Amino acid sequence: MNNDKLYAYTEEMVRRAEITDPCYIDGFLKSLNEHPDIKDEYIWYLNHGSYACTYTIEGFSVADIIIWQTDNFKALLDNAEAQNKHNPYKMTLYGFDTMMKMADDPVTYIAKMRETTGTDYLGKY
């Protein structure tokens, strides 16, 4: 996928995710370019609408990360105003964001993924 098409698809994902940070797209794509294996996973998602899950970090795929985030941020998801609850675009983008952070700092994120899940307040993680 060429860079123009990747930008356009990501721009549409961000619009549908209702992310209003004007720097989000550029930051997300810059990070993707620094993580080519995760970029391949993201492009697979854009082309197929599903997760390939071929790239993992210590056995964790982007789908595992999204499930972990969903379970860990129950306080946020239970909030009636939370956009993540019914917004697969936001959940997907945040899942890939977290995977890139995990690639940069695997020890911290893997430890968090292995902790007891579910929080009772925002800001715990």
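What comes next concerns the included structure. All values derive from a computational prediction rather than experimental measurement.

### Here's the deal with unusual backbone geometry
A negative phi holds for most residues other than glycine; trans holds for most peptide bonds.
Stage number 1. Despite not being glycine, Cys-53 shows a phi value in the positive range, around 55°.
Stage number 2. Inspection of the secondary structure puts Cys-53 in the loop between helix H3 (36–48) and helix H4 (62–72).
Stage number 3. Taking relative accessible area as the criterion, Cys-53 reaches 29% and is therefore assigned partly exposed.
Stage number 4. Of note, the phi angle at Glu-58 is positive, near 50°, even though the residue is not glycine.
Stage number 5. With respect to the element layout, Glu-58 can be found in the loop between H3 and H4.

### Comments concerning the packing of aromatic side chains
Given two aromatic rings, one states the distance between the centres and the angle between the planes to describe the pair.
Stage number 1. Tallying each qualifying case throughout the model produces five aromatic pairs.
Stage number 2. Measuring from centroid to centroid gives 5.1 Å for Phe-28 and Tyr-42, while their planes differ by 70°, and the two rings are edge-to-face. With Phe-28 in helix H2 (residues 24–34) and Tyr-42 in helix H3, this pair connects stretches of sequence that are 14 residues apart. The pair Phe-28 / Tyr-42 is uniform in exposure class, with both members buried.

### Quick notes on the nonpolar core
Stage number 1. Grouped together as the largest cluster of nonpolar side chains are 29 residues, with contacts concentrated most on Phe-28, Leu-32, Tyr-42, Leu-93, Phe-96 and Met-102.
Stage number 2. Those elements that place two or more of their residues in this core are helix H1 (3–17), H2, H3, H4, helix H6 (88–104) and helix H7 (106–114).
Stage number 3. Those residues in contact with Leu-32 that sit more than four places away from it in its chain are Ile-38, Lys-39, Tyr-42 and Met-100.

### Notes on the packing of H2 against H3
Stage number 1. H3 packs onto H2 with a crossing angle of 120° between their chain directions and a minimal axis gap of 5 Å. With respect to their mutual orientation, H2 and H3 come out oblique. Each of Phe-28, Leu-32, Asn-33 and Glu-34 in H2 lies in contact with H3, whose residues at this interface are Pro-36, Ile-38, Lys-39 and Tyr-42.
Stage number 2. Considered class by class, the residues forming the contact of H2 with H3 number five nonpolar, one polar and two charged.

### Observations concerning the packing of H1 against H3
The description of two packed helices rests on the angle between their axes and on the distance between the axes.
Stage number 1. Interaxial distance between H1 and H3 falls to 11 Å at its minimum, and their mutual angle equals 70°. In terms of axis orientation, H1 runs roughly perpendicular to H3. Between H1 and H3 lies a crossing whose hand is left-handed. For the pair H1 and H3, the contacting residues are Asn-3, Leu-6, Tyr-9, Thr-10 and Met-13 in the first and Lys-39, Tyr-42, Ile-43, Tyr-45 and Leu-46 in the second.
Stage number 2. Per-class residue counts for the contact of H1 with H3 are seven nonpolar, two polar and one charged.

The rules behind these values
- Throughout this document, residue positions are counted from 1 along each chain, in the order its sequence is written.
- In keeping with the predicted nature of the model, local features appear solely for residues at pLDDT of at least 70, side-chain atom pairs appear and are counted solely at 80 or more, and the whole-chain, interface and lining totals rest on all residues.
- Side-chain measures were taken over the full set of non-hydrogen atoms in the model, leaving aside hydrogen atoms and water.
- Every helix listed is a DSSP run of H or I at least four residues long, and every strand listed is a run of E at least two residues long, numbered separately from the N terminus.
- In this scheme, a residue with accessible area under 20% of its type's maximum is buried, one over 50% is exposed, and one in between is partly exposed, where area comes from a 1.4 Å probe on protein chains only.
- Centres within 6.5 Å make a pair out of two Phe, Tyr or Trp rings, where for Trp the six-membered ring is used; the pair is then stacked when the planes are under 30 degrees apart, edge-to-face when over 60, and tilted otherwise.
- By nonpolar core we mean a set of buried residues, namely Ala, Val, Leu, Ile, Met, Phe, Trp, Tyr and Cys, connected to one another through side-chain atoms within 4.5 Å.
- Residues count as neighbours in contact if any of their non-hydrogen atoms are within 4.5 Å of one another.
- The convention used is that axes are lines fitted to C-alpha atoms, helices contributing only their stretch in contact, and that angles between N-to-C directions extend from 0 to 180 degrees.
- Orientation categories follow fixed angle ranges, with anything under 35 degrees roughly parallel, anything over 145 roughly antiparallel, 65 to 115 roughly perpendicular, and all other angles oblique.
- When residue character is reported, Ala, Val, Leu, Ile, Met, Phe, Trp, Tyr, Cys and Pro are called nonpolar, Asp, Glu, Lys and Arg charged, and the others, Gly included, polar.
- Crossings are assigned a handedness: left-handed for a near helix turned anticlockwise from the far helix by less than a right angle, right-handed for a clockwise turn.

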